[in-house]
Amino acid sequence: MDSVKLIRALASLCGGGSTFKVDDQVENLKKKIGEHEHYLFILLDGFGNYFLERNPKLSFLKEKRVQVLRSVFPSTTASALSSLGTAQYPSKHGAIGWWTHLTEHNLTSVYLPFRDRIHFKPLHEKQIKPEEMYYEPSFYSTLKRRTKCYVPKYYVNSEFSRYSRADTLGQGYEKFDEAMKYVEDFAFNGEGPSFQYFYFPQIDSLEHEHGTTHPDVIALCEEVCTKIKDFSERHAGKIRIVISADHGLIDIPEENNLLMNDEFPLMSFLKVPPACETRVPMFFLNDLNDSQKFVECFNEYFDEQFVLISKEDAKKKQLLGDEWDERAWKRVGDFMALPKGPWTLQYHGENLQALILKGVHGALSPEETLVPLIII
């Protein structure tokens, strides 16, 4: 079961659901969550299930874990947050990774910041409107209760934040405790039932910088666990808290970051540098007639580290979802590479620098895809 089913269950419990199907898996999750006057959904970016398995100081959250879910694919924030805002899969909403190639505009976007990849300028300067980026509507406008979303202050008025929460209230915050105080005020000082969404990205940021086992990462997870425990005990029974993550991360040894520059033989086949994710690079070919030569060239250099599959194979495997918007289909590369271990493959050239991180996500490993479902 995946995280799309979770958000569909929450939306259905809050009176939404006109944009998606409520199947048996969604009904099962609705029963686990239960009916309640007040819901708080906390999304801990990068909080993979492995944290609960290997850290005894997170026992409170582990005891409250009711299930392990799968992230969407690619297992990355751009795709997952778009799914959590629309209750749809990437094959419908069109967020095909952090670097989503917009074929119709012949450019690659940095999806969440709403910028072009090469110059990092706002897409508005290219006359690209948000509705051209986001193919599925937010489900938030369908909810039948008071709704509010909390994201860091620097995100609250971004194109993506405004789109994903639709016409509901948004609130920026600086510290975890500040956001939880907003939650208390909104739930208990207003009239009628409520749904609140709290997005916390700092765990993911630290993992990217330091890796998944760094003491600073573990300390932050423990701090968050303590704060959630204290909040839940203060308001026992008054608010249903649902906690999950968009993805986990996998640690990448520095020498396992494979780089391609403009002179690398593979680049001669490509319209643009590899898109999507460094763990799941997507390749847009200049000429499909050269597909076989491209495959041979790729395997010559990367056969031991990656397996190459066509977009048609990805569709058959339903990696990005089971229903397709034709516009989203055009955003999928002609080929994509799936890693056989802790590897990244990325372009490093004059206009784009390689993104060397210690913790990375995007692919299909358990570390990247398995996330907890915690209900308090």
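Here the structure is a predicted model, which is why all the values come from computation and not from measurement.

**Quick look at the side chain of Glu-184**
No. 1: Structurally, Glu-184 can be placed in helix α9 (residues 176-188).
No. 2: Polar side-chain contacts of Glu-184 include one of 2.5 Å to the side chain of His-235.
No. 3: Excluding residues that lie within four positions of it along the chain, Glu-184 makes contacts with Asn-189, Phe-231, Arg-234 and His-235.

**Focus: the side chain of Asn-256**
No. 1: Structurally, Asn-256 is set in the loop between β10 (250-251) and β11 (257-260).
No. 2: For Asn-256, the contacting residues outside a window of four places in its chain are Pro-342, Trp-343 and Thr-344.

**Re unusual backbone geometry**
No. 1: Note the cis peptide between Phe-73 and Pro-74, where omega equals -5 degrees.
No. 2: If you check the backbone angles, Ala-87 has positive phi at about 60 degrees while not being a glycine.
No. 3: Relative to the helices and strands, Ala-87 is located in the loop between α5 (77-86) and α6 (90-93).
No. 4: With phi around 60 degrees, Gln-127 is a residue other than glycine that occupies positive phi space.
No. 5: Relative to the helices and strands, Gln-127 is located in the loop between β5 (115-116) and α7 (130-133).

**Structural notes on the pairing of strand β6 (residues 146-152)**
No. 1: Buried residues dominate β6, accounting for 6 of its 7 residues.
No. 2: Two strands pair when backbone bridges link them, and β6 and strand β8 (residues 194-200) are joined in this way by 5 bridges, in the parallel orientation. Across the sheet, Cys-149 pairs through a bridge with Tyr-197, a residue of β8.
No. 3: Of the strand pairs in this sheet, β6 and strand β7 (residues 169-173) are connected by 5 bridges, and their pairing is parallel. Looking at β7, one finds that Pro-152 is bridged to Tyr-173.
No. 4: The handedness of the β6 to β7 crossover, carried by helix α8 (residues 159-164), is right-handed.

Scoring rules and cut-offs
Residues numbered from 1 in each chain as written. Predicted model: local features only at pLDDT ≥ 70, side-chain atom pairs only at ≥ 80, totals over all residues. Heavy atoms only, no water. Helix = DSSP H or I, 4+ residues; strand = E, 2+ residues; numbered from the N terminus. Polar contact = N/O pair within 3.5 Å; in protein donor to acceptor, adjacent residues only side chain to side chain. Contact = heavy atoms within 4.5 Å. Buried < 20%, exposed > 50% of the residue type's maximum accessible area, 1.4 Å probe, protein only. Pairing = 2+ DSSP bridges. Right-handed = clockwise from strand over helix to strand, strands pointing away.

It is worth stressing that arrangement in space is one thing and function is another; only the former is reported here.
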